[in-house]
Amino acid sequence: MFGLFGLLISRTKRVDIRNLGSGNVGATNVTRNIGKTSGIIVMLLDFFKSWISTFICLIIYRSFKGWLGNSHFEDFAIIIYIGGFFAVIGHCFPISYFYALIKYKFNFDIAKKYSGGKGVSSAAGFAASISPWMFFICFILFWSICLITKYVSLSSIITVFLLPFWTLIPQLDFFYMMGIKKKPNTVSYTHLRAHETG
């Protein structure tokens, strides 16, 4: 729901970040137009927003699993990702964006001013909540591309685009290491284990 930490931080500086630079409320635009300190604060807030959201879902999942005592409940472990996923979506398209769409009769040009950031920091937090190793890979990839091309936007696009593919590697999945299976990705793995154990 909330993707406007950049806007809130800019208001403390008595400016509106939406009227500066690219008009984006993300950490990159905040850094360029308000300062590195403000940009880092926005980046960390967006990062931990997704990270915390995922682990709230993890706590809820474990609570229901223990309460129901149903071994088949782990087939629904995919719900753990809902918090982080919607934190990223909410960052890019916060509730203010949809409110503006309705208020201005689906005038996307006006509603765009009420949209959130690009979702890079939030996606990084989501990746870190899934696996520290996955986050490390994304971190190295992002800064390698950024240092070579000098384009933050290009680095962000490539890193976020490749993120779903890292989730297909079980050994990079933090929840996999915790013994929590995700139904879509564990069928072939379960069959493989069955053959190994005879």
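Going by the structure above, here's the rest.
Quick caveat: nothing in here was measured; it's all calculated off a predicted structure.

Q: Is there a simple way to explain the packing of helix α8 (residues 132-149) against helix α9 (residues 152-166) in this structure?
A: The packing of two helices is summarised by the inter-axis angle and the distance between the axes. The interhelical angle for the contact between α8 and α9, taken along N-to-C directions, is 150°, at an axis separation of 9 Å. In terms of axis orientation, α8 runs roughly antiparallel to α9. Between α8 and α9 lies a crossing whose hand is right-handed. Across the interface between the two elements, Met134, Ile137, Cys138, Leu141, Phe142, Ile145, Cys146 and Thr149 of α8 pack against Val152, Leu154, Ser155, Ser156, Ile158, Thr159, Leu162, Leu163 and Trp166 of α9. Looking at the contact of α8 with α9, its residues break down into 13 nonpolar, 4 polar and no charged.

Q: What am I meant to see in helix α7 (residues 120-130) here?
A: In an α-helix, one turn spans 3.6 residues; hence positions three or four apart end up facing the same way. For α7, the buried fraction is high: 9 of the 11 residues fall into the buried class. Looking at α7, one finds that the buried residues are Ser121, Ser122, Ala123, Gly125, Phe126, Ala127, Ala128, Ser129 and Ile130.

Q: Any chance you could explain the pattern of salt bridges here in plain terms?
A: Pairs can form between side chains of opposite charge whenever their charged atoms are close. Under the definition given, this model contains 3 salt bridges. For the salt bridge of aspartate 16 with arginine 11, the shortest nitrogen-to-oxygen distance reads 3.7 Å. Aspartate 16 gets classed as buried once you look at its relative accessible area, which sits at 16%. Owing to a relative accessible area of 47%, arginine 11 belongs among the partly exposed residues under this scheme. As a salt-bridge pair, aspartate 16 and arginine 18 come within 3.0 Å of each other at their nearest N and O atoms. There is no split in this pair, since aspartate 16 and arginine 18 are both buried. What emerges from the salt-bridge pattern is a single network uniting Arg11, Asp16 and Arg18.

Q: Help me out: how do you make sense of the packing of aromatic side chains in this one?
A: What characterises a pair of aromatic rings is the spacing of the ring centres plus the angle enclosed by the ring planes. Enumeration over the complete set of coordinates arrives at 11 aromatic pairs. A centroid spacing of 5.2 Å and a plane angle of 80° characterise the contact between phenylalanine 85 and phenylalanine 86, whose relative ring orientation is edge-to-face. A residue is classified by how much of its surface remains accessible, and phenylalanine 85, at 44% relative accessible area, is partly exposed. Members of the aromatic cluster, each reached through a chain of ring pairs, are Phe47, Phe48, Trp51, Phe55, Phe135, Phe139, Phe142 and Trp143.

The rules behind the values
- Residues numbered from 1 in each chain as written.
- Predicted model: local features only at pLDDT ≥ 70, side-chain atom pairs only at ≥ 80, totals over all residues.
- Heavy atoms only, no water.
- Axes fitted to C-alpha atoms, helices over the stretch in contact; angles between N-to-C directions.
- Helix = DSSP H or I, 4+ residues; strand = E, 2+ residues; numbered from the N terminus.
- Parallel < 35°, antiparallel > 145°, perpendicular 65-115°, else oblique.
- Left-handed = near helix turned anticlockwise from the far one by under 90°.
- Contact = heavy atoms within 4.5 Å.
- Nonpolar A, V, L, I, M, F, W, Y, C, P; charged D, E, K, R; others polar.
- Buried < 20%, exposed > 50% of the residue type's maximum accessible area, 1.4 Å probe, protein only.
- Salt bridge = Lys/Arg side-chain N within 4 Å of Asp/Glu carboxyl O.
- Phe/Tyr/Trp six-rings, centres within 6.5 Å; stacked < 30°, edge-to-face > 60°.

None of this, on its own, says anything about what the molecule does.
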